[in-house]
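Spelled out from the first residue to the last, the chains are:
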Amino acid sequence: GAVVSQHPSRVICKSGTSVKIECRSLDFQATTMFWYRQFPKKSLMLMATSNEGSKATYEQGVEKDKFLINHASLTLSTLTVTSAHPEDSSFYICSARGSFGGYTFGSGTRLTVV
Amino acid sequence: GNSVTQMEGPVTLSEEAFLTINCTYTATGYPSLFWYVQYPGEGLQLLLKATKADDKGSNKGFEATYRKETTSFHLEKGSVQVSDSAVYFCALSEGTNAGKSTFGDGTTLTVKP
């Protein structure tokens, strides 16, 4: 149990376009999901906390207008990178709290902006 | 605030060697502690966890004991395999609904045949 599905796993987009990443909890309800960004050879940086039915809570330094987060249901949260630029290229990972008390992570999305 | 400090890598071992990856933490309350593993090109997977002092988490031959007195959660394995090559992250989270996890910087382990 406690499976989180994230897709796409890889995406390449042109500079200036927007990309949507989906994160679904398949067998449990997640009132809260988390979005992380991982830079090469670095740890995960929490970007925002996604709350079902309300606005996301962004960490300091994260542009909320650039990284749009929507949590429309108890099983789906989306991250949209708007007007993407090459510096947005990164590995994005979502997670949700599972019944075991820890966090189940999605498999991640490798975004490359060209 | 909370923080997690892991031993710096990379760590390179021969197959069947003993592994220790140190992890210490600072937290304001009584956190749960986790080790996650990330294989190349993949997301994080929970490896093991401990939710209170003196608990031992174990999985796939890996073990870690929650030491409150030394604020540590060192990861150990008696005999590593090539397939254990990955990045290992120590993490903590506080409270049942706090949600946020604080991660260490990760330690890259390479096991050579």
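Right above here is the structure, for reference.
Attention here is on the structure that accompanies the text. This is a predicted model, so every value here is computed, not measured.

### A few points about the overall build of chain B
The helix and strand inventory of chain B stands at zero helices and twelve strands. Reading the helices (α) and strands (β) of chain B from amino to carboxyl end gives β-β-β-β-β-β-β-β-β-β-β-β. Here the C-alpha atoms of chain B give a radius of gyration of 14 Å, agreeing with the 13 Å that 2.2 N^0.38 yields for 113 residues. Its C-alpha atoms give chain B principal-axis dimensions of about 40 × 30 × 20 Å. The buried share of chain B, taken over its 113 residues, is 43%. For chain B, the share of sequence-separated contacts (at least 6 apart) that also reach a separation of at least 24 residues comes to 56%. Summed over all atoms, the accessible surface of chain B reaches about 5,400 Å², with 47% contributed by carbon and sulfur. Side-chain charges in chain B split into 9 positive and 12 negative, and the spacing between the mean points of these groups amounts to 5 Å.

### Focus on the side chain of Ser32(B)
Note that Ser32(B) resides in strand E5 (residues 32-38). Residue contacts for Ser32(B): discarding those within four places in its chain leaves Ala50(B), Thr51(B), Ala91(B), Leu92(B) and Ser93(B).

### Overview of the state of the cysteines
Residue and element names in this part refer to chain B. Using the criterion set out here, one finds two disulfides over all chains in the structure. Between cysteine 23 and cysteine 90 runs a disulfide, and the two sulfur atoms are separated by 1.9 Å. Classification of the bridge connecting cysteine 23 and cysteine 90 rests on its S-S torsion, roughly -70 degrees, and on that basis the disulfide is left-handed. Taken as a pair, cysteine 23 in strand E4 (residues 23-26) and cysteine 90 in strand E10 (residues 86-93) lie far apart in primary sequence, 67 residues in all. Taken individually, cysteine 23 and cysteine 90 each receive the classification buried, so the pair is uniform in this respect.

### Description of the interface of chain B and chain A
With 19 residues of chain B at the contact, the number on the chain A side is 19 residues. For the pairing of chain B and chain A, the buried interface totals around 1,500 Å² over both sides, and the portion due to carbon and sulfur atoms is 55%. Here chain B is connected to chain A by zero salt bridges. Where chain B packs against chain A, one counts one residue pair in polar contact (both at pLDDT 80 or more). Broken down by secondary-structure element, the contributors of at least two residues to the side of chain B that touches chain A are E5, strand E6 (44-50), E10 and strand E11 (101-103) of chain B. By residue class, the composition of the side of chain B that touches chain A is six nonpolar, nine polar and four charged.

### Remarks on the packing of aromatic side chains
To describe a pair of aromatic rings, you give the distance between the ring centres and the angle between the ring planes. If you walk through the whole model with that rule in mind, you get ten aromatic pairs over all chains. For the ring pair Tyr36(A) and Phe103(B), a centre distance of 5.5 Å and an interplane angle of 85 degrees mean the geometry is edge-to-face. On the criterion of chain membership, the pair formed by Tyr36(A) in strand E4 (residues 32-38) and Phe103(B) in strand E11 is interchain, its members lying in two chains. Taken together, the ring pairs connect Tyr36(A), Phe105(A), Phe34(B), Tyr36(B), Phe89(B) and Phe103(B) into an aromatic cluster.

The rules behind the values
- Residues numbered from 1 in each chain as written.
- Chains lettered and ligands numbered in written order.
- Predicted model: local features only at pLDDT ≥ 70, side-chain atom pairs only at ≥ 80, totals over all residues.
- Heavy atoms only, no water.
- Helix = DSSP H or I, 4+ residues; strand = E, 2+ residues; numbered from the N terminus.
- Rg over C-alpha atoms; globule rule 2.2 N^0.38 Å.
- Buried < 20%, exposed > 50% of the residue type's maximum accessible area, 1.4 Å probe, protein only.
- Contact = heavy atoms within 4.5 Å.
- Areas by Shrake-Rupley, 256 points an atom, 1.4 Å probe, with all protein chains shown as cover.
- Lys, Arg positive; Asp, Glu negative; His and termini not counted.
- Charge placed at Lys NZ, Arg CZ, Asp CG, Glu CD.
- Disulfide = S-S within 2.5 Å.
- Buried area = accessible area lost by both parts, 1.4 Å probe.
- Salt bridge = Lys/Arg side-chain N within 4 Å of Asp/Glu carboxyl O.
- Polar contact = N/O pair within 3.5 Å; in protein donor to acceptor, adjacent residues only side chain to side chain.
- Nonpolar A, V, L, I, M, F, W, Y, C, P; charged D, E, K, R; others polar.
- Phe/Tyr/Trp six-rings, centres within 6.5 Å; stacked < 30°, edge-to-face > 60°.

The analysis is restricted to geometry; functional conclusions fall outside its scope.
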